[in-house]
Amino acid sequence: MDLSSGELSAALGPLRRARSMPADVYTSEEFYKIEQDYIFLKQWFFLCREDQLPNAGDYRASTTPGGPVLMVRGEDRQLRCFANYCRHRGSLLLEGEGNCGKRIMCPYHAWSYFSDGRLYGCPAMEDAEGFDRTENGLVPLRLDSWSGFVFANFDRSAKPLIEHLGDLPARLGSHHLERMRCTWKKTFETSCNWKLILENAMETYHTGIVHKNTVGAQQQRSFETQGDWLCMQVISGTSIATLPGVPPLFPSIATLDEDAKQGTYFTVVLPTCQFAVAQDTMWWLNVTPLAHDRSVLEVGGCFPEEVTEWADFEVRAKPYYERWEAVAREDIGILEKQQIALTSKLFKPGPLSVRDDMVQKIGQWVIEKLRTSQDTRI
Ligand code: FES
Ligand SMILES: [Fe+2]
C-alpha cells in the first residue's frame, strides 16, 4: 500500500500547513480491510433509537461491516443484539424490521430461538452426538445505550460506551435527547468511502456552494472535546433544521443552556455516526461502510416527545424531513464525484483550509487508531 509517511505527516501536521489525506485512505481495498480489523470491529457503532423497538418481540436487522446483526426486545423488555445467523447451518434469521412474537424462527429448517437468544426448537437433533442446546443460542454482541441511542460493539474488551462518549453527554445534556422520539428515517446507497460522508458533515466550507439552493452559506465554531467524538456548532439564533425562509415550526427546547441556544451542534461519534442537534429537533447521519467505495447512509429524525403528540405534528414536521432529504442528496452528489476523482493516478493531496479543521481531526483519529494497532501493513 502506498501510504508514504511524507504524505501522512503532511496530513497530520499543524492545520495551517496541513494537506488532505493520501488517496489510498479512501480508495484502497487493503486500507479498508485494515480499517475493518482495527476500527469497525473494535469501536462502538450506532444502530437505532430505543424507541424504534418499543414492544417485546420488536426486531430490526442491520448490515454492519462485521456482517449482519439483529436487535430484538425480549419478553423481559431488554434490548439485545445478536449476529444474524442460525446456529444450524447459518441462514439469515431476520430481515428488515417487525415483531417476531416470542420466538425467532429460522426460515431454513425451522430451528427457533427465544427472543433472549436461547435456542428453543431444533427438530431431528435427538441423535446428534454431543449436541447441547444450551451451547447453541444466538451469538451476542455488546449493546449499550445513551439517552435512547443504541450502540453495539463486536469487541468484548472495548471500553464502555460512556467512556467512548467522554464529555458529549455534558455538551448535549440540556437538549434532553432521552425525551425525544424518532419519527422519520431514510436510507441512501452511496458510492463513496465512509470517511468522505463524515468529513463533509463536519465542515460548512461547502454549504454555500453545494447547498446554494437549500441551506446556503453557514458559519461554524469548533469545540474541544474529550472522548472519541468531535463537535462544532453552526451559528444561528433559530433552528436550521428547516430551510431558510421556513421559520422553525416547533418551539425551542425550554432547558437549553447558553451555548446550545447559539446554534446547531454537529458532532461525530467516532467512527461512523453524526448527531446534529438543533434548538427544536435532532437528526442523525449513520454511515455503514460496505466497501472502500460504498457506504449506506441512514438519516433519522427525532423530536421532543410532547410535540410528536400534537394533532398537526406530521404537517409541521414535513418541512424538516424535506430539508434533511434534500441536503443529504446534495451531499451524496458531490461526494460521489470526489470518490471518482480520488482514483486519479495523478492525485496529490491538496492544502487544507482552516475551515477544514474537523476534516483533519477525523483523519487524525483514524490514523491514530490504526497506528496503535501496530499492524505491519500500515
Ligand atoms: S440453517 Fe437454520 S435451521 Fe437450518
Ligand atoms: Fe453538506
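In what follows, the structure referred to is the one given above.
Because the structure is a prediction, the values reported are computed rather than measured. (Residues numbered from 1 in each chain as written. Chains lettered and ligands numbered in written order. Predicted model: local features only at pLDDT ≥ 70, side-chain atom pairs only at ≥ 80, totals over all residues. Heavy atoms only, no water.)

*Asks:* I'm lost on the pattern of salt bridges in this one. Help?
*Replies:* Two side chains bearing opposite charge may form a pair once their charged atoms approach each other closely. For the coordinates displayed, the defined rule picks out 19 salt bridges. When the shortest N-O distance is used, the salt bridge between Lys-159 and Asp-228 registers 2.7 Å. Of the two residues, Lys-159 is situated in the loop between β10 (149-153) and α4 (161-165) and Asp-228 in the loop between β12 (220-223) and β13 (229-235); the sequence distance between them amounts to 69 residues. Residue classification places Lys-159 among the partly exposed residues on the basis of a relative accessible area of 37%. A relative accessible area of 6% places Asp-228 in the buried class. (Salt bridge = Lys/Arg side-chain N within 4 Å of Asp/Glu carboxyl O. Helix = DSSP H or I, 4+ residues; strand = E, 2+ residues; numbered from the N terminus. Buried < 20%, exposed > 50% of the residue type's maximum accessible area, 1.4 Å probe, protein only.)

*Asks:* Which parts of the structure should I look at to understand the nonpolar core?
*Replies:* General note: in soluble globular proteins, nonpolar side chains tend to be found buried as a group. Ranked by internal contacts, the top residues of the largest apolar core, which has 52 residues, are Trp-283, Leu-297, Val-299, Phe-303 and Trp-324. In terms of nonpolar packing, the next biggest core, distinct from the first, is built from 26 residues, Phe-46, Trp-146, Val-277 and Trp-284 among them. (Core = buried A, V, L, I, M, F, W, Y, C linked by side-chain atoms within 4.5 Å.)

*Asks:* I tried to follow the pairing of strand β1 (residues 45-49) on my own but got confused; where do I start?
*Replies:* Successive residues of a regular strand alternate their side chains across the two faces of the sheet. Burial within β1 is extensive, with five of its five residues counted as buried. Where β1 meets β10, four bridges bridge the pair, whose relative direction is antiparallel. Each bridged residue has a counterpart across the sheet, and for Cys-48 the counterpart in β10 is Val-150. (Pairing = 2+ DSSP bridges.)

*Asks:* I tried to follow the packing of helix α6 (residues 194-201) against helix α11 (residues 357-373) on my own but got confused; where do I start?
*Replies:* When two helices pack together, their arrangement is given by the angle between their axes and by how far apart the axes lie. At a minimum axis separation of 8 Å, α6 and α11 run at an interaxial angle of 140 degrees. Of the residues in α11, those in contact with Trp-194, Lys-195, Leu-198 and Glu-199 of α6 are Val-359, Ile-362 and Val-366. Broken down by class, the residue content of the contact of α6 with α11 amounts to five nonpolar, no polar and two charged. (Axes fitted to C-alpha atoms, helices over the stretch in contact; angles between N-to-C directions. Contact = heavy atoms within 4.5 Å. Nonpolar A, V, L, I, M, F, W, Y, C, P; charged D, E, K, R; others polar.)

*Asks:* Would you explain the packing of helix α3 (residues 29-40) against α11 in this entry?
*Replies:* Their axes nearest at 10 Å, the elements α3 and α11 cross at an angle of 75 degrees. Relative to α11, α3 is oriented roughly perpendicular. On the side of α3, the interface is formed by Phe-31, Ile-34, Glu-35, Tyr-38 and Ile-39, while α11 contributes Trp-365, Val-366, Ile-367, Lys-369, Leu-370 and Ser-373. (Parallel < 35°, antiparallel > 145°, perpendicular 65-115°, else oblique.)

*Asks:* When you look at the coordination of the iron ion (ligand 2) in this model, what are you seeing that I'm missing?
*Replies:* Six octahedral donors around a metal ideally sit at 90 or 180 degrees from one another, while four tetrahedral donors ideally sit at 109.5 degrees. Only His-206 (NE2), His-211 (NE2), Asp-331 (OD) and Asp-331 (OD) from the protein reach the iron ion (ligand 2) as donors, at distances of 2.0 to 2.6 Å. One way to put it: the four donor atoms around the iron ion (ligand 2) meet at angles of 55 to 149 degrees, and that makes the site irregular. Here the donor residues for the iron ion (ligand 2) map to a single chain with the spacing H-x4-H-x119-D. Judged on exposure class, the residue His-206 and its partner His-211 are both buried. (Donors = N, O, S within 2.8 Å, 3.2 Å for Na, K, Ca; no water. Tetrahedral: all angles 85-135°; square planar, octahedral: opposite > 155°, others 65-115°.)

*Asks:* I'm lost on the pairing of strand β2 (residues 58-62) in this one. Help?
*Replies:* Taking burial as the measure, the five residues of β2 include four buried ones, the bulk of the element. By the bridge criterion, three bridges tie β2 to strand β5 (residues 97-99) in an arrangement that is antiparallel. Counted as the bridge partner of Tyr-59 is Gly-98 from β5. Bridge count for β2 against strand β3 (residues 69-73) is four bridges, and the pairing is antiparallel. What sits directly across from Ala-61, in β3, is Leu-70. Joining the antiparallel neighbours β2 and β3 is a turn of six residues, in which Gly-67 adopts a positive phi near 100 degrees.

*Asks:* Which parts of the structure should I look at to understand the side chain of Asp-280?
*Replies:* Take Asp-280: it is sitting in the loop between β15 (273-277) and β16 (282-291). Of the side chains with opposite charge, Arg-316 lies nearest to the buried Asp-280, which makes no salt bridge, at 9.1 Å. Of the polar contacts made by the side chain of Asp-280, one reaches the side chain of Tyr-320; its length is 2.5 Å. In this view, Asp-280 contacts Ser-239, Ala-241, Pro-248, Phe-250, Pro-251, Ile-253, Phe-303, Pro-304 and Tyr-320; residues no more than four positions away in its chain are not counted. (Lys, Arg positive; Asp, Glu negative; His and termini not counted. Polar contact = N/O pair within 3.5 Å; in protein donor to acceptor, adjacent residues only side chain to side chain.)

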